[in-house]
There are 2 protein chains.
Amino acid sequence: MEAVETKILNGLDVNTLFATLDQIKANPDIARFQFRAKNKWIMGSNNRASVKDFYGALQEDDSRAIMSFDEDEPPVLLGENKGPNPVEYLLIALSGCLTTALVTHASARGVELRNVNSRYEGDIDLRGFLGLSEEVKKQYEAIRVYFTIDADITDEQKEDLIREAQKYSPVYNSLKESVNISVNLDK
Amino acid sequence: MEAVETKILNGLDVNTLFATLDQIKANPDIARFQFRAKNKWIMGSNNRASVKDFYGALQEDDSRAIMSFDEDEPPVLLGENKGPNPVEYLLIALSGCLTTALVTHASARGVELRNVNSRYEGDIDLRGFLGLSEEVKKQYEAIRVYFTIDADITDEQKEDLIREAQKYSPVYNSLKESVNISVNLDK
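Bear in mind that the values here come from a model prediction, so they are computed numbers and not experimental data. (Residues numbered from 1 in each chain as written. Chains lettered and ligands numbered in written order. Predicted model: local features only at pLDDT ≥ 70, side-chain atom pairs only at ≥ 80, totals over all residues. Heavy atoms only, no water.)

A. Spotlight on the overall build of chain A. Within chain A, the regular secondary structure consists of four helices and ten strands. When the helices and strands of chain A are listed from N to C terminus, the series reads β-β-α-β-β-β-β-β-α-β-β-α-α-β. A burial count over chain A gives 56% of its 187 residues as buried. Pairs at least 24 residues apart make up 46% of the contacts formed inside chain A by residues separated by at least 6 positions. Within the structure as shown, chain A displays about 8,200 Å² of accessible surface, and the carbon and sulfur contribution to it stands at 47%. Between the mean site of the 22 positive side-chain charges and the mean site of the 31 negative ones, chain A shows a separation of 4 Å. (Helix = DSSP H or I, 4+ residues; strand = E, 2+ residues; numbered from the N terminus. Buried < 20%, exposed > 50% of the residue type's maximum accessible area, 1.4 Å probe, protein only. Contact = heavy atoms within 4.5 Å. Areas by Shrake-Rupley, 256 points an atom, 1.4 Å probe, with all protein chains shown as cover. Lys, Arg positive; Asp, Glu negative; His and termini not counted. Charge placed at Lys NZ, Arg CZ, Asp CG, Glu CD.)

B. Main features of the interface of chain B and chain A. Contacts between the two partners involve 118 residues from chain B, matched on the other side by 118 residues from chain A. Taking both sides of the interface into account, the surface hidden between chain B and chain A amounts to around 11,300 Å²; carbon and sulfur atoms contribute 64%. Looking at the side of chain B facing chain A, the largest losses of area belong to Phe35, Trp41 and Phe129 of chain B, adding up to 7% of the total buried there. Our count for the chain B to chain A interface comes out at nine salt bridges. The partner of Glu134 of chain B in a salt bridge is Lys167 of chain A, with the nearest N and O atoms 3.7 Å apart. Across the chain B-chain A interface, the total number found is 50 residue pairs in polar contact (both at pLDDT 80 or more). By residue number, the principal contributor to the side of chain B that touches chain A is helix α2 (residues 86-108) of chain B, which donates 18 residues. Residues belonging to the side of chain B that touches chain A are distributed by class as follows: 58 nonpolar, 32 polar and 28 charged. Taken together, the nine bridges between strand β3 (residues 32-43) of chain A and strand β8 (residues 115-125) of chain B define a ladder with antiparallel strand orientation. Directly across from Arg36 of chain A, in β8 of chain B, lies its bridge partner Glu121 of chain B. (Buried area = accessible area lost by both parts, 1.4 Å probe. Salt bridge = Lys/Arg side-chain N within 4 Å of Asp/Glu carboxyl O. Polar contact = N/O pair within 3.5 Å; in protein donor to acceptor, adjacent residues only side chain to side chain. Nonpolar A, V, L, I, M, F, W, Y, C, P; charged D, E, K, R; others polar. Pairing = 2+ DSSP bridges.)

C. Representation of helix α1 (residues 14-26) of chain A. All names here are of chain A. Relative to the 18 Å expected for 13 residues at 1.5 Å per residue, α1 spans 19 Å between its end C-alpha atoms, a close match to the ideal helical length. Among the residues of α1, those classed as buried are Val14, Leu17, Leu21 and Ile24. An end-on view of α1 places all buried positions within 75° of arc, on one side of the element. Between a side-chain oxygen at the N-terminus of α1 and the backbone nitrogen of Asn15 the separation is 3.3 Å; the capping residue is Asp13. (Expected span 1.5 Å × (residues − 1). Arc of directions from axis to C-beta.)

D. Local environment of the relation of the copies chain B and chain A. Note on the identical chains: chain B maps onto chain A by a rotation of 180° and an axial translation of 0.0 Å, with an RMSD of 0.0 Å. Look at the turn and shift together and you get a two-fold axis relating the two. In terms of C-alpha distance to the rotation axis, chain B has Leu175 of chain B as its closest residue, with the C-alpha 2.6 Å off the axis. The overlap is high: 100% of the interface residues of chain B also sit at the interface in chain A, so the same surface is used on both sides. (Least-squares fit on C-alpha atoms with pLDDT ≥ 70 in both.)

E. Broad picture of the packing of aromatic side chains. What the rule picks out here adds up to ten aromatic pairs over all chains. Taking 6.2 Å as the distance between ring centres and 15° as the angle between the ring planes, the aromatic pair formed by Phe33 of chain A and Phe54 of chain A counts as stacked. Taken as a pair, Phe33 of chain A in strand β3 and Phe54 of chain A in strand β5 (residues 54-56) lie far apart in primary sequence, 21 residues in all. Neither Phe33 of chain A nor Phe54 of chain A differs from the other in exposure class; each is buried. One aromatic cluster is present, formed by Phe69 and Tyr89 of chain A together with Phe69 and Tyr89 of chain B through successive ring pairs. (Phe/Tyr/Trp six-rings, centres within 6.5 Å; stacked < 30°, edge-to-face > 60°.)

F. The pairing of strand β7 (residues 67-71) of chain B, seen in detail. All names here are of chain B. For β7, the buried fraction is high: four of the five residues fall into the buried class. Strand direction decides the pairing type here: strand β4 (residues 46-51) and β7, joined by five bridges, are antiparallel. What sits directly across from Ala49, in β7, is Phe69.

Scope: geometric values only; no functional claims are made or implied.
This is the structure we're talking about:
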C-alpha cells in the first residue's frame with residue numbers, strides 16, 4: 001500500500017515547492033536571484049566559462065564546486081572542437097529551461113511524467129557575425145523546438161504543458177523579449 | 001628573426017579567415033548553418049542536453065563525439081547541484097560568444113591579444129518563473145558584463161573592440177533582439 005500523501009512528484013518535492021511559494025508571497029525579496037559566470041579566453045576560438053557562486057533567497061551561496069565549460073568552434077569555423085560553440089550552448093540553455101519549466105508546472109498541477117524529450121534546431125547565417133552583410137541578422141534567424149512527452153494525459157494537455165513552459169521559462173523569454181545588457185571595460 | 005608573414009594571430013589562422021570570407025562572398029550559402037541540441041529530462045530539475053551534429057558550409061557534419069551537459073538547480077531551488085542551471089548556461093553562452101566575437105574581429109584588424117577575461121551578473125526575480133506575479137518579467141531583468149583586456153592598445157581601442165563584440169555576437173544579439181522560436185509537440 002502506498003503512502004496516502006505523495007509529496008514527491010516527478011522528483012520534485014511539491015510540498016516544499018508550495019511552502020516556498022508561500023514564503024515568497026510573504027517576502028518577495030526571497031525570489032531575487034543573481035546568477036554569475038566568468039570567462040577566460042584560451043586561444044583562438046577556445047575559451048573557458050565557469051560558474052560557482054550566486055545570490056538568492058536572501059543570501060550568498062558559495063557552496064558549489066567550480067563548474068567549467070570549454071567553448072570552441074569546429075574546424076570549418078577555424079576551431080579545434082574543444083567544446084560546443086556559444087550558439088550551441090544557447091540551445092543547451094534553452095533546452096534545460098523549457099524542460100524545467102514544463103516539469104515544475106506539471107508537478108504543481110499534479111501531472112505525473114514518465115519521459116520528456118526535446119530537440120532543437122537553430123538557423124543562423126554567419127554573414128551577420130562575419131560582418132559581410134548589414135542586412136543579415138547577427139542572431140539566430142529561427143529556432144524550432146520539438147517535444148515528446150510520455151504521460152497519461154491527452155495531446156491537448158501536453159500542448160497546454162508546452163504553452164506553460166513557454167510562458168514561464170526565463171531563457172525562452174530572454175530570447176523572445178529584449179534583455180537589458182551592459183558591456184563594460186574594467187580599466 | 002621572425003617569419004615575414006605572420007598568418008596565425010591570437011591562435012586564429014587569419015589567412016584562412018580572409019579566404020573563407022572571399023568564398024562566402026562568392027557563394028553566400030556557405031554561411032548558412034544549422035546548430036542542434038537534444039535534451040532528456042532525468043528527474044526533478046535535472047536534465048541532460050547533448051550536442052553533436054550540425055549543418056554548415058554546404059554539408060552535414062557528424063564527425064564530433066557527443067558532448068553532454070547536465071543541468072540542475074541548487075538545493076534552494078529544489079535541485080541537487082548536478083550541474084549549472086539553465087540561466088547560468090545562458091551566461092556561459094553569452095560569455096563564449098562575446099569573447100569569440102571580440103577575438104575574431106580583433107584578429108581581423110591585426111590586434112594581438114595577451115589575455116581576455118570577462119565576468120557576468122544576471123538579475124532575475126523568480127516570481128516571474130513561479131507564476132506569482134504577472135507584472136514581474138520572466139526573463140533576466142538585467143545582465144552586466146565586465147571585460148578586462150590585456151593588449152598593447154589604448155583603453156579607447158579596447159572599448160572599440162567591446163563594441164565590435166556586441167555588434168557581431170550572435171548570442172548577444174539573440175538576447176537584445178527578439179528571436180522567432182516555435183515550440184511544438186511531436187505526436
